[in-house]
Each structure stands twice: as structure tokens, then as C-alpha cells.
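Analysis of the macromolecular model
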Amino acid sequence: MQAIEPTVTPLRPVKNSPRVTPRRSSSRQRSYPHQTLAAETGVKLAVNIVLSVCATSALIQLWPHYRAVQEKLHEIQAEVNLTQGRVNQSRSDFNRYFDPSLAKTVMQEQSNRVDPQQRGVILQEPETPDAEESTAQP
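All of these numbers come straight from a predicted model, not from anything done at the bench. (Residues numbered from 1 in each chain as written. Predicted model: local features only at pLDDT ≥ 70, side-chain atom pairs only at ≥ 80, totals over all residues. Heavy atoms only, no water.)

Let's talk about the overall build of the protein chain
Secondary structure assignment for the protein chain yields four helices and zero strands. Across the protein chain, helices and strands are ordered from the amino to the carboxyl terminus as α-α-α-α. In the protein chain, which comprises 138 residues, the share counted as buried stands at 1%. Per element, the accessible surface of the protein chain, about 14600 Å² overall, is 58% carbon and sulfur. (Helix = DSSP H or I, 4+ residues; strand = E, 2+ residues; numbered from the N terminus. Buried < 20%, exposed > 50% of the residue type's maximum accessible area, 1.4 Å probe, protein only. Areas by Shrake-Rupley, 256 points an atom, 1.4 Å probe, with all protein chains shown as cover.)

See below:
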């Protein structure tokens, strides 16, 4: 029995293609990768603080003006309410004065004229009996 023996090749180190070694120019980024992120965050925080201080000072300066405008608004609203009441009264008077069914009543109120179909009522005070008695007793 003759078997074919496999040929064994001796193991030798395989030479790989030459690798390109990375350049160490960015060694700072590799040694401190969070430093740039921290610096960027710090700058953003500083800018936001400056903007917040500016906005707050602007609001503080505008506050007195806002209060003055609010007071004027309340005064104007009070005047508008008073005027609205007068307008409503004038409208009701206008409607009453120019209503044909109330024309006679309004004319009687505005003048001394009386409707010819009405009778005038005159009220008199009763005579006092004391005046007659005082003259009879002397």
C-alpha cells in the first residue's frame, strides 16, 4: 500500500505588504480627545452667559416704560368705559326722542303744552280754619 504522502511545506514567515505607519502630527488630538470638545463647550457657555446678561439688563431698562404704558392703558380703559356709558345713554335718549309712538309724551315733557284731549288738573291747598278763628276771637 503505497499512499501518496502529502507534501508538507515548511512554515516560513509570510511577509506582508509594507504597512503605512500613521503620522503622529495629530498626537495632541489623540492624547486629549475631549480637550477640543471642552473648549468649544466653554466658549458656547460664555457666549450664552453674555447674551443672558444683555437680555436681562435690557428687560430691567424696559420695565419702567412697560409699567407707564400699563398705567396709561388702565386710565384709557376707564375713560372708554365712562364714555361708553354716556354713549349708551345718548342712544337711548335718541331712540326715545325720535320714536313716533312717544312723540306726544316727549313734547309734553319738553314744553308746557298739554294735549288738547287731556284735562288739566290743578291742585289747591285747603283753606286753613285757624286763620278765620284768629280773627273771630279778639
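Structure shown, so let's carry the discussion forward.
A word on helix α2 (residues 35-97)
Between its terminal C-alpha atoms α2 stretches 88 Å, which fits the 93 Å expected from 63 residues at 1.5 Å a residue. For α2, the principal kink sits at Leu-62 and spans about 35°; a proline, Pro-64, occurs within the next four residues. (Expected span 1.5 Å × (residues − 1). Bend = angle between axes of the 7 residues up to and from the residue.)

Quick look at a nonpolar patch on the surface
A grouping of Val-43, Val-47 and Leu-51 is seen on the molecular surface, where their side chains present a nonpolar patch of about 270 Å² in accessible area. Under the relative-accessibility criterion, Leu-51 is labelled exposed at 52%. (Patch = residues over 30% accessible without salt bridge, like charges linked within 9 Å, V, L, I, M, F, W, Y side chains within 5 Å. Salt bridge = Lys/Arg side-chain N within 4 Å of Asp/Glu carboxyl O.)

A few points about the confidence of the model for the protein chain
Averaged over all residues, the pLDDT of the protein chain is 82; the fraction at 70 or higher stands at 73%. Mean pLDDT across the secondary structure elements of the protein chain bottoms out at helix α1 (residues 27-31), with 53, and peaks at α2, with 96. (pLDDT = per-residue confidence, 0-100.)

Topic: the packing of aromatic side chains
Evaluated as defined, the whole model comprises two aromatic pairs. Ring geometry for Trp-63 versus Tyr-66: centroids 5.4 Å apart, planes at 35°, classification tilted. In this pair, Trp-63 and Tyr-66 both sit in helix α2, three residues apart, roughly one turn of the helix. Their ring planes at 45° and their centres at 4.7 Å tell us that Phe-94 and Phe-98 sit as a pair that is tilted. By relative accessible area, Phe-98 is classed as exposed at 61%. (Phe/Tyr/Trp six-rings, centres within 6.5 Å; stacked < 30°, edge-to-face > 60°.)

Remarks on the pattern of salt bridges
Throughout the structure, instances matching the rule amount to two salt bridges. Among the salt bridges present, the one from Glu-109 reaches Arg-96, with a minimum N-O distance of 2.6 Å. In this pair, Glu-109 is assigned in helix α3 (residues 103-110) and Arg-96 in helix α2, connecting sequence segments 13 residues apart. A relative accessible area of 48% places Glu-109 in the partly exposed class. Residue Arg-96 is classed as partly exposed on the basis of its relative accessible area, which comes to 28%.

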